[in-house]
Amino acid sequence: RTDMVKNFRVPHFRKVAWVMVGDPDDKFKVHTVEKALQDKQAAAMAAFEARKVERARQKQFREQQRKLEIAQKRALRIRQLAEEKAAKAAEDAAKGLETAEDVEMKEGEGEGAAAEKAPEPAAEAEVKEDEIPDEEMEVEEPEEAEEEPPKVVLTDDEKHDWFRKSTPIPDIVPSTMSATFSTFTFPDKDEGFDQLDYKWKNAAESEAYLRQWTLERKVTTRIEDLQPSDYFREKLQKWQKDLQGWHSKHMEFKDPAKRAALFSAKRASVAKASEEARLKKEAAAKGKKKDSEAKKDDKEAEAEAMKALEEELERQEIDVFGVEDINDIAHGEPLFFNFAYEDWTLLGLRFELHLLCHSFKNDCNDKDRTAFAPEHLGFYYTKYFKKSLIPRNFSQEKIEDLLDMVKDTIAQVGKVIEPQITDDLETNDVFVKLTEESRRERQRRIDSGDEGAKLQFFVVAQASQQPALGASAKSKSVSQHPGVYPGAPNMGMTGGKGFDKGCGKMVMPKIQRPVFASKAQFVPPGSDGGWGDGGGGGGGYQQKGYGKSSGKGKKGKSGGYNNKGGSYW
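Every value quoted in this text rests on a predicted model; they were computed, and no experiment measured them.

(A) Spatial organisation of the environment of Thr2. In this fold, Thr2 is placed in helix H1 (residues 2-6). By relative accessible area, which is 32% here, Thr2 ends up partly exposed. Taking the C-alpha atoms as reference points, Thr2 and Glu191, separated by 189 residues in sequence, lie 5.1 Å from one another.

Structure, rendered in structure tokens:
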């Protein structure tokens, strides 16, 4: 605008800026209404004339069809009359009627002459068109009522549409509008204007109107050039590290051998303490235990058993949000011990949406733009996490239904999505607690007979979008498939006994099975494949199985598929 004004720096030019925003004045409204009525009337008349031309065309077509039908009927009638006359003549000939002339020919000329004068076959009868009455050929033509020219009126919405668009082409390309509307300002004398003329509202009202218009558009407009910042990457990296540790703990506790070892150690500790207490009592009593003392010991043993049972019940009914260490709520059992595929998926979704909302607010750096609309969730999710957010993968149809599944973390407030958890968290444990609480509530509903509470997500096999966690991998992965837990690609587990022959009593639960894109990509386990730590130790995902070399609990080189490094689950 300033550059345009500079083109009129000659003194005899007076540069005046007209500012027109908000509701227009009465003159403008009257003009707009009249113009709208004229345009609507013209459109109605054009449609009326088009219908009139179409009716004339159809009438002409019907007239041609009527003439053709009459001609066909006339030809048919002529053929019928001719056939009737021919039939009658043939009938007369068949009866052998003889005229007086025929009798004389037979008497005077004999048989030869009679043969020469034999009557010829009757010629085809001719029928003249005037023998067919016109009333038989008439076809009635229905009369059509003439349509009156239309007279239109404006609706209430049309009367209040002050800014009508004469063409569907916008004044500004949407991408340009979304990138520049926040910088819109009104003219100023410093730009070179001699006079500012606010036509519809004064300067203060116009500024307030522009401010409100900008705020509303910030909610409904996407930021096309928004890019993730270091804040987002740091938070995501910390989350991936925590998630990897939880997966390792979950798989470790799922191993019956290791879990039995933990429980054995716990029982040994308890037994040792009991033995020490017993020896202490025996030393105090100097071996003189009476029957009453024996009964007392039995009661104490029974009390210890009841205490253990109470501890087990307390562990099952533990307050999720009162847990201090989610990796050990009792006897080394993690809070997420019962997590299934759906729970791990919802855990990741909770954090991702939480991080997305706070990263958007941080990266926009605009106090007026702290949240976005639900219809833009998929756009920003793809921009930040480089993957699509598809509700159908969560057995939902709409984004709103998906948000309702994690409403404890993120919710729609008015026209925008707001996070329910602050961004100043010291740890990410709260997302595990929320997921476990949700799982327990869902399980209670299932136990009460609510079949609709069951979750069954689609397991999507797609290429991993995160770099391999094993830093020392030397061979490239030919084909990567996501592990059973989203967000943990190429994650090796602590070395254990072999998967097949060396597994001993270890039983692989169903949820620990790997996910393959197709049946053709499944390879039977090798004879000595083990588990890996940091992507190593266990055998790699080779064509001969899960590796010929067993980690046996050792740490091997990080690896992907098709090498001797460890695979992931």
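Read on for the rest.
(B) Here's a closer look at the packing of helix H10 (residues 341-364) against helix H11 (residues 377-385). Taken N-terminus to C-terminus, the directions of H10 and H11 make an angle of 90°; their axes are 11 Å apart at the nearest point. Here H11 runs roughly perpendicular to H10, going by the angle between their axes. Packed against H10, whose contacting residues are Glu352, Leu353, Leu355, Leu356, Ser359, Phe360 and Asp363, the element H11 presents Leu377, Tyr380, Tyr381, Tyr384 and Phe385 at the interface. Taken together, the residues of the contact of H10 with H11 sort by class into nine nonpolar, one polar and two charged.

(C) Region of the structure containing the pattern of salt bridges. Tallying each qualifying case throughout the model produces 27 salt bridges. Here Glu158 makes a salt bridge to Lys40, at a shortest N to O gap of 3.0 Å. Here the residue Glu158 occupies a position in helix H4 (residues 156-159), and Lys40 occupies one in helix H2 (residues 26-94), the gap between them amounting to 118 residues. As a salt-bridge pair, Arg442 and Asp343 come within 2.5 Å of each other at their nearest N and O atoms. With Arg442 in helix H13 (residues 429-447) and Asp343 in helix H10, the pair connects residues that are 99 residues apart, well separated along the chain. Salt bridges sharing common partners tie together Arg211, Lys218, Asp366 and Asp368.

(D) Expanded view of the pairing of strand S3 (residues 410-413). Sheet topology places S3 next to strand S4 (residues 416-419); four bridges connect them, and they run antiparallel. Paired with Gln412 across the two strands is Ile417, which belongs to S4. Connecting S3 to the antiparallel partner S4 that follows it, the hairpin turn spans two residues, and Gly414 within it adopts a positive phi of roughly 70°.

(E) Spatial organisation of H10. In this model H10 runs 34 Å from its N-terminal to its C-terminal C-alpha over 24 residues, within 8% of the 34 Å that 1.5 Å per residue would give. In terms of burial, H10 is a largely internal element, 22 of the 24 residues being buried. Following H10 by one or two positions, Asn365 has its phi on the positive side, about 55°.

How each quantity is defined
Residues numbered from 1 in each chain as written. Predicted model: local features only at pLDDT ≥ 70, side-chain atom pairs only at ≥ 80, totals over all residues. Heavy atoms only, no water. Helix = DSSP H or I, 4+ residues; strand = E, 2+ residues; numbered from the N terminus. Buried < 20%, exposed > 50% of the residue type's maximum accessible area, 1.4 Å probe, protein only. Axes fitted to C-alpha atoms, helices over the stretch in contact; angles between N-to-C directions. Parallel < 35°, antiparallel > 145°, perpendicular 65-115°, else oblique. Contact = heavy atoms within 4.5 Å. Nonpolar A, V, L, I, M, F, W, Y, C, P; charged D, E, K, R; others polar. Salt bridge = Lys/Arg side-chain N within 4 Å of Asp/Glu carboxyl O. Pairing = 2+ DSSP bridges. Expected span 1.5 Å × (residues − 1).

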